[in-house]
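Overview (structure and organization)
Here is how the chains run, residue by residue.
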Amino acid sequence: MLWNAFLLALREIRRNVLRSILTILGVVIGVAAVIVMVTLGGGATQAVATQIETMGTNLLMIRMGQRMGPGSGIGVAPFKLEDAVALQRQVPSIRVLAPSANQTATAVAGNSSWATSVTGTDNRYLDVRNWPLAAGRVFSEGESRAGKAVCLIGATVQRELFGNQDPVGEKLRIKTMSCQVIGLLATKGQSSMGHDQDDLILMPLRTFQRRIAGNLDVTMIQVSIKEGESTEAAKADIERLMRERRKIGAGEQDDFSVRDMKELTDMLTGTTRILTTLLSAVAAVSLLVGGIGIMNIMLVSVTERTREIGIRLAIGALEREVLLQFLVEAVVLSSLGGILGILLALVAAVLLADVLQVPFIFNGGIVITAFLFSAAVGILFGYFPARRAARLDPIEALRRE
Amino acid sequence: MTAEAPVTTSPLDPPAPILVEFRQVTKVYGQGAAAMRALDGVDLRIREGEFVAVMGPSGSGKSTAMNILGCLDTPSGGSYRFQDAAVETLSRDQRARLRRNYLGFVFQGFNLLNRTSALENVELPLIYRHIPAAERRARARAALALVGLTGWEDHTPGELSGGQQQRVAIARAIVTQPRLLLADEPTGNLDSARSHEIMDLLTGLNRDRAITILMVTHEPEMAEYAHRVIHFRDGRVTE
């Protein structure tokens, strides 16, 4: 019976191809919108997570001041190299840490100049940030200790100052200092906050303090926690030690911050997820509207086919057999819409992912869910017209022209 | 009153068993002062193998009687026995099963499914009997052959003449081998020559296949094909 109802439904749909297509358009668009939203949202979340991961996992950042962003450390005592030494020695869960100081300065090479972020640090910075070299070599022990005028440059700086030319071995000038490029950092791309991570120059901390900053300040300490150690515990240890070293009394506020990259990841991916959910909900509403479209056409169809229903009832069709026939027709229609919607969504998602520079991640779960939902819409909105058909009085129905 | 007549071809045979029986059947439409008695205490008995014509002016209650006989409607009072079943006590689904298993309908307006081939139209009642597709097809072809439509199986009603359409409808009605064939003015939409062809067909089915036939008609000429005629007037049987 079910199979016969299915065949009948296909025949009815074929008879009214244009009407059927228009009927299911709402469901097609609804399903497609839901899948596209969820797929792209998933891609965006993934992209944020990956970008943060490129900054190094188990990473803590110790900054001056409480807020994030520029200007937060103004009026606050800076860190010293000794703080880093003490942390490394006294907090056992720290795998490696990298003290650094930073300033914006203009670098000049040949006829090109480029304002960039100049950071004084050492090789541990590359370790903490999980950042390999694309060419050249890292700082030697001697260069770091003696504060030699050597530097590593990011991909953006290389492009702006040297173009396609190999920068390794070339000289560039920062303020009054001439500096030899000994290596090129691998490309990291944009950070999750939208700033270009490749726009920087690294040099030994000692060189930076003496030749650029003119003081012995350390403005940031980045810490990498040992695998398997609790980030929370390490954070607490660091905070206790730093309060002690900075002589912050009980009850006083920290004048520094220790931030966990995981917090940041959660915050940003959380935001993306909320947005995805909201957009998907809006898309789901259009799926419901599509369902109402199906109900409308099924009601029209029942009216048009009143005589047919009368004939079927007269020759012995049971109420539930007529109900099933119309219900199956509605479900076949809406499922067809679901299938078309899925195909449309996959094409659209691949194209949009490319345009929006978000990875396309196939989400089988949402495809199946959307399909089942479209079938459910058919049952939900097909039931009322089907029941109306089944309850028709055969005598009345046969009289209808 | 009971309309009864010898049925079988030889008067020496014992009377055939009773197939359907009305006892004081009434049908009232509406309520109170506006109530209209379409059937007013009808007694009726039809034996197996009979060919009965029903005549009467419009509004005489014959259509109402046909609807009740066809289990499409239920009486307001009295009893209707079909074989051993008290139809007035059956549910809608039970009546549908009765129609499916024992009744065949032929309508004045043919009532075939449009845009559906003759073969599929004839197959339709078999679908509701859950008969496998191959057997369904074979039986539908045989029924079409019986009404002389071999070669027309794939034509849709729109491609057939009125007489042919009524043959398809008859094939649909007899494909289930019903006990009772109800024909509501089967020749009402046909010219005289086609009408006689259809009547010959019905007579043949009644004679050769022992199908009991109850036929409503306006034309005395057509009623002459029947063994006996029942007249309706003002909701009563008058003969």
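This is a predicted model, so every value here is computed, not measured. (Residues numbered from 1 in each chain as written. Chains lettered and ligands numbered in written order. Predicted model: local features only at pLDDT ≥ 70, side-chain atom pairs only at ≥ 80, totals over all residues. Heavy atoms only, no water.)

**Regarding the overall build of chain B**
On a plain count of helices and strands, chain B comes out with seven helices and ten strands. For chain B, the C-alpha atoms occupy an extent of roughly 50 × 40 × 35 Å along the three principal directions. On chain B, roughly 10300 Å² of surface is accessible, and the fraction owed to carbon and sulfur atoms is 48%. (Helix = DSSP H or I, 4+ residues; strand = E, 2+ residues; numbered from the N terminus. Areas by Shrake-Rupley, 256 points an atom, 1.4 Å probe, with all protein chains shown as cover.)

**Structural notes on the interface of chain B and chain A**
Taken together, the contact pairs 26 residues of chain B with 25 residues of chain A. Here chain B and chain A share an interface that buries about 2300 Å² over both sides, 51% of which is from carbon and sulfur atoms. Sorting the residues of chain B by area buried against chain A places B:Arg92, B:Asn111 and B:Tyr128 first, and these three jointly supply 28% of that buried surface. For the interface between chain B and chain A, the tally reads four salt bridges. For the interface between chain B and chain A, the tally reads twelve residue pairs in polar contact (both at pLDDT 80 or more). Only helix 2 (92–102) and helix 3 (118–127) of chain B provide two or more residues apiece to the side of chain B that touches chain A. (Contact = heavy atoms within 4.5 Å. Buried area = accessible area lost by both parts, 1.4 Å probe. Salt bridge = Lys/Arg side-chain N within 4 Å of Asp/Glu carboxyl O. Polar contact = N/O pair within 3.5 Å; in protein donor to acceptor, adjacent residues only side chain to side chain.)

**Digging into unusual backbone geometry**
Glycine aside, negative phi is the norm for most residues, and most peptide bonds take the trans geometry. Phi at A:Lys247 is positive, roughly 55°, even though this residue is not glycine. With respect to the helices and strands, A:Lys247 occurs in the loop between helix 8 (231–245) and strand 10 (256–260). The class of A:Lys247 is exposed, set by a relative accessible area of 72%. For B:Arg115, which is not a glycine, the phi torsion comes out positive at approximately 55°. Structurally, B:Arg115 is set in the loop between strand 6 (103–106) and helix 3. (Buried < 20%, exposed > 50% of the residue type's maximum accessible area, 1.4 Å probe, protein only.)

**A look at the sheet that holds strand 7 (residues 180–184) of chain B**
As a general point, the strands of a sheet are linked pairwise by backbone hydrogen bonds and lie either parallel or antiparallel. Residues and elements named next belong to chain B. Sheet architecture is open: six strands sit in the order 6-7-8-3-9-10, paired in mixed fashion. Both outer strands of the open sheet, strand 6 and strand 10 (236–237), are each paired with one neighbouring strand and no more. As defined by bridge partners, strand 3 (residues 51–55) adjoins strand 8 (residues 212–216) across four bridges and the pair is classed as parallel. Considered in strand 8, the bridge of Phe51 is made with Ile213. Across the face of the sheet, helix 6 (residues 192–208) comes into contact with strand 3, strand 7 and strand 8 while running at roughly 150° to strand 8. (Pairing = 2+ DSSP bridges. Axes fitted to C-alpha atoms, helices over the stretch in contact; angles between N-to-C directions.)

**A short note on the sheet that holds strand 5 (residues 85–86) of chain B**
Residue and element names in this part refer to chain B. In space, the four strands of this open sheet follow the order 2-1-4-5, with antiparallel pairing throughout. The two strands at the open ends of the sheet, each matched to only one other strand, are strand 2 (36–47) and strand 5. Across two bridges, strand 4 (residues 77–82) lies against strand 5 in antiparallel orientation. Among the inter-strand pairings, Phe82 is bridged to a residue of strand 5, identified as Ala85. The strands touched by helix 1 (residues 62–69) within the sheet are strand 1 (18–29), strand 2 and strand 4, with strand 1 carrying the most contacts at an inclination of about 125°.

**Points about the environment of B:Phe22**
All names here are of chain B. On the secondary structure map, Phe22 appears in strand 1. Phe22 sits in the buried class, given a relative accessible area of 2%. Phe22 sits 21 residues away from Asp43 along the chain, and the two C-alpha atoms are 4.8 Å apart. Among all residues touching Phe22, those that are not within four sequence positions of it are Val42, Asp43, Leu44, Ala65, Ile68, Leu69, Ser79 and Tyr80.

**Digging into a nonpolar patch on the surface**
A contiguous nonpolar patch, built from A:Val17, A:Leu18, A:Ile21, A:Leu22, A:Leu25 and A:Ile29 and spanning about 570 Å² of accessible area, is present on the exposed surface. Note on placement: A:Leu18 falls in helix 2 (residues 17–54). (Patch = residues over 30% accessible without salt bridge, like charges linked within 9 Å, V, L, I, M, F, W, Y side chains within 5 Å.)

**Overview of the environment of B:Gln166**
Residue and element names in this part refer to chain B. Structurally, Gln166 is set in helix 5 (residues 162–174). Since its relative accessible area comes to 0%, Gln166 is described here as buried. Taking C-alpha positions, Gln166 is 9.3 Å from Asn189, a pair spaced 23 residues apart along the chain. Apart from residues no more than four positions distant in its own chain, Gln166 is found in contact with Val106, Phe107, Gln108, Phe110, Pro186, Leu190 and Ile198.

**Remarks on empty space enclosed by the protein**
Residue and element names in this part refer to chain A. Inspection of the entire model under this criterion finds two cavities of 30 Å³ or more. Roughly 110 Å³ of volume is contained in the largest cavity. Considering the residues around the largest cavity, the lining is formed by 13 residues, among which Glu12, Asn16, Arg19, Ser20 and Glu329 are closest to the centre. Taken together, the elements giving at least two residues each to the lining of the largest cavity come down to helix 1 (2–15), helix 2, helix 9 (261–304) and helix 11 (319–356). (1 Å grid on protein atoms, 1.4 Å probe; cavity = no way out; pocket = protein on both sides within 12 Å on 5 of 7 lines; lining within 4 Å. Points joined across faces, edges and corners; volume = space filled by probe spheres on them.)

**Considerations on helix 4 (residues 133–146) of chain B**
Compared with an ideal rise of 1.5 Å per residue, which puts 14 residues at 20 Å, helix 4 of chain B spans 20 Å between its outermost C-alpha atoms and is within 8% of the ideal. Taken as a whole, helix 4 of chain B has its buried residues at B:Arg136, B:Ala140, B:Ala143 and B:Leu144. For helix 4 of chain B, the arc enclosing every buried residue in end-on projection is 100°, short of the 170-degree limit, so these residues lie on one face. Buried residues along helix 4 of chain B sit against helix 1 of chain A together with helix 3 and helix 5 of chain B. Just downstream of helix 4 of chain B lies B:Gly148, where phi reads positive at about 75°. (Expected span 1.5 Å × (residues − 1). Arc of directions from axis to C-beta.)

None of the figures reported here should be taken as evidence of function without further support.
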